[in-house]
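Observations on the model geometry
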Amino acid sequence: MEINPTQLSEQQVYSFMCSAIVPRPISWISTVDARGVTNLAPFSYFMGVCCKPMTVLFCPVFGSEERPKKDTLLNIEQVPEFVINVTQEKTVVAANLSGAPVPHGESEFDLVGVTPEPSTRVRPPRVREANLALECRVQDIIEVNSGPGGGWVVLGTVLAIHAQDGIFDPQTMRVDLGQLQPVARLGGADFLRATDVFPLHRYRTEDDAAALVGKEG
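What comes next concerns the included structure. (Residues numbered from 1 in each chain as written. Predicted model: local features only at pLDDT ≥ 70, side-chain atom pairs only at ≥ 80, totals over all residues. Heavy atoms only, no water.)

1. Side note on the side chain of Glu135
Relative to the helices and strands, Glu135 is located in strand S9 (residues 132-145). Among buried Asp, Glu, Lys and Arg side chains, Glu135 stands out as unpaired, with Arg126 the closest opposite charge at 4.7 Å. A polar side-chain atom of Glu135 sits 2.5 Å from a polar atom in the side chain of His162. Those residues in contact with Glu135 that sit more than four places away from it in its chain are Phe82, Val83, Ser119, Thr120, Arg121, Val122, Thr157, Val158, Leu159, Ala160 and His162. (Helix = DSSP H or I, 4+ residues; strand = E, 2+ residues; numbered from the N terminus. Buried < 20%, exposed > 50% of the residue type's maximum accessible area, 1.4 Å probe, protein only. Lys, Arg positive; Asp, Glu negative; His and termini not counted. Salt bridge = Lys/Arg side-chain N within 4 Å of Asp/Glu carboxyl O. Polar contact = N/O pair within 3.5 Å; in protein donor to acceptor, adjacent residues only side chain to side chain. Contact = heavy atoms within 4.5 Å.)

2. Quick look at helix H2 (residues 71-78)
For H2, the full list of buried residues reads Asp71, Thr72, Leu73, Asn75 and Ile76. Those residues of H2 hidden inside the fold are in contact with strand S2 (27-32), strand S3 (38-43), strand S5 (55-58), strand S6 (81-86), S9 and strand S10 (151-163).

3. Some details on the pattern of salt bridges
The final tally for this structure, using the stated rule, is 6 salt bridges. Across the pair Glu117 and Arg128 runs a salt bridge whose closest N-O atoms are separated by 2.8 Å. Here Arg128 lies in the loop between strand S8 (126-127) and S9 and Glu117 lies in strand S7 (residues 116-117), a separation of 11 residues in the sequence.

4. Observations concerning the packing of aromatic side chains
One pass over the structure, following the stated rule, counts 2 aromatic pairs. Here Phe58 and Phe82 contribute two aromatic rings whose centre-to-centre distance is 5.2 Å and whose plane-to-plane angle is 70°, an arrangement assigned as edge-to-face. With Phe58 in strand S5 and Phe82 in strand S6, this residue pair connects regions lying 24 residues apart in the sequence. One aromatic cluster in this structure is built from Phe43, Phe58 and Phe82. Above the face of the Phe191 ring, Arg185 is positioned so that its terminal group lies 4.7 Å from the ring centre. (Phe/Tyr/Trp six-rings, centres within 6.5 Å; stacked < 30°, edge-to-face > 60°. Lys NZ or Arg CZ within 6 Å of the ring centre and 35° of its normal.)

Put into structure tokens, the structure is as follows:
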């Protein structure tokens, strides 16, 4: 079957995207406004972009007619910095709770009971309970559509990485999945643990592919 997305309602497109584009890593983003009031919110429209400079993106979507821009976006327009705290099994309940509607000017750090830890390169604090955090400076904010169903793409340059001791190999810089215990977002109320892992080798040359296809195919 072929579906024309322009003939679907906003809710239908949202349900389809959230259940089809899976799994999605969850960035738990901390920001501050011009007065220094902190905000903490989860975003699963989140991904790495490139290595030089180390760049990530996340996508805040349209909120409501009363508050089209969510506090995270409003904050980074005032203070163009943010911290991505990786959501893990031990923090996912708090991260999910921080997505609840909170009156403007109130801090989700207080609501969910996590600890703001001063950052070293940016003004927003990181979450002390998170095993991995990235301090970022806003590189660009791209408006896709500022109306209902729309959203923005926020590009950030990573200025500092904070990692719990032992969570990655300093030689390879590869993060240990068992230590990180990340949680991913699926559709509806469903989340996913990263527990079922299998390897596939990358094909660097045609000869590599020919040699490996019998083993993996």
